[in-house]
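Survey of secondary and tertiary structure
Here's the letter readout for the chains.
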Amino acid sequence: MTSMNLSISKKIELDAVVVGAGFSGLYMLLTLREAGYSVEAFEKGEGVGGVWYWNRYPGARCDTESFSYNYTFSEELFQEWTWSSRYPEQPEILAYLNYVADKFHLREDIQFNTTIKSAHYNEKTNRWDVYTDKNQHISAKYFISGVGCLSASNLPKIKGLENFKGKWYHTGHWPHEKVHFKGKKVGIIGTGSSGVQSIPEIAKEAERLFVFQRTPQYEAPANNYPYTNDEMNRLKTNFQLLKEQMKSTMFGMPKDAPNKSALDDSVEERQKIYEEAWKKGGFY
């Protein structure tokens with residue numbers, strides 16, 4: 001359901017078009033709508049979530065601590081939602097984004113299952129001419145992309161793939177239903193984030209697992225753990241402080257950036273700092 005009938009053939013006039021319904025697309029939609037603009041978001045998938053809608057592979061998890069991997073524009077929202085652990089898994093992040101979409105009634109201004117085919121700026125009208133795969137023509141003053149940097153998956157042109165007799169999958173386009181690996185011989189190509197996360201999970205079920213790696217990666221332990229009620233309450237109590245820290249620190253995470261070279265310390269002090277960081281895990 002959308003706030004307007006976009007199936008008609010005549011040109012539709014909007015203030016803004018937003019592409020994508022992930023973290024940035026949802027927030028942009030809400031912000032523009034609250035500012036009084038006529039705005040519609042267009043999403044290729046069947047639901048909200050962006051990269052968390054598509055990436056459903058086993059072990060998919062965020063590498064940013066959950067309390068800072070959420071919106072801070074609404075303290076009410078921050079207080080309402082409770083994360084289960086330090087680093088949330090894909091289903092929990094997707095549930096959070098669906099909760100946001102429902103809380104702020106965003107779906108009524110999102111057209112799902114729709115791809116933007118082209119967008120051209122018309123210098124005569126000073127507006128964008130946007131066309132969808134449903135033969136819709138939208139004219140908008142603002143064209144805003146919220147597709148992010150992880151939206152386009154890369155499927156290498158592997159010789160013979162078209163003749164492969166077994167089943168193959170891509171982590172960026174994982175089936176919505178569970179994939180069973182029991183009794184299977186599985187090969188995983190690549191040890192980037194999705195490879196590293198999915199390898200141990202698939203290995204639990206597969207008969208044999210082969211990993212094909214071109215370049216070794218350096219991986220640090222996440223040291224994930226479930227949040228206690230006391231810890232979650234402490235985070236919620238410090239909402240304003242956390243919000244300010246996120247705005248003033250590197251990557252939007254409330255952590256102090258390194259302020260000196262490792263070589264400035266003695267070997268002993270350097271080793272001590274390394275060990276403390278390793279125990280903390282994550283981006284420490």
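First, a word on what this report is: a plain description of the structure on this page. No experiment lies behind these values; they were computed from the predicted model shown.

1. Considerations on the environment of N122
Looking at the secondary structure, you find N122 in strand β4 (residues 116-122). The exposure class assigned to N122 is partly exposed, which follows from its relative accessible area of 23%. The spacing of N122 and K141 is 19 residues in sequence and 10.0 Å in space, taken between C-alpha atoms. Those residues in contact with N122 that lie beyond four places of it in its chain are R127 and D129.

2. A closer look at the side chain of Q111
Examined against the element boundaries, Q111 turns out to sit in strand β3 (residues 110-111). According to the relative accessible area criterion, Q111 is buried, its value standing at 8%. Looking at Q111, its side chain comes within polar contact range of the side chain of T114, at 3.0 Å. Within the structure, Q111 has its side chain in polar contact with the side chain of Q136 (distance 3.1 Å).

3. Some thoughts on the sheet that holds strand β6 (residues 137-145)
The sheet built from six strands is open, its strands ordered β3-β2-β1-β6-β5-β4 with mixed pairing. Only two strands of the sheet have a single neighbouring strand rather than two, namely β3 and β4. Bridge analysis of strand β1 (residues 12-19) against strand β2 (residues 39-42) gives four bridges, and the strand direction is parallel. Paired with V17 across the bridge in β2 is E40.

4. Considering the packing of aromatic side chains
Tallied over the entire structure, the rule returns 22 aromatic pairs. Geometrically, the ring pair formed by F73 and F104 is tilted, given 5.4 Å between the ring centres and 55° between the ring planes. Placement of F73 in the loop between α2 (51-54) and α3 (75-80) and of F104 in the loop between α4 (90-103) and β3 is noted, with a sequence separation of 31 residues between them. Taking relative accessible area as the criterion, F73 reaches 30% and is therefore assigned partly exposed. With a centroid separation of 5.3 Å and an interplanar angle of 65°, the aromatic rings of W81 and Y96 are classed as edge-to-face.

What counts and how
- Residues numbered from 1 in each chain as written.
- Predicted model: local features only at pLDDT ≥ 70, side-chain atom pairs only at ≥ 80, totals over all residues.
- Heavy atoms only, no water.
- Helix = DSSP H or I, 4+ residues; strand = E, 2+ residues; numbered from the N terminus.
- Buried < 20%, exposed > 50% of the residue type's maximum accessible area, 1.4 Å probe, protein only.
- Contact = heavy atoms within 4.5 Å.
- Polar contact = N/O pair within 3.5 Å; in protein donor to acceptor, adjacent residues only side chain to side chain.
- Pairing = 2+ DSSP bridges.
- Phe/Tyr/Trp six-rings, centres within 6.5 Å; stacked < 30°, edge-to-face > 60°.

The values reported here are purely geometric and, on their own, carry no functional implication.
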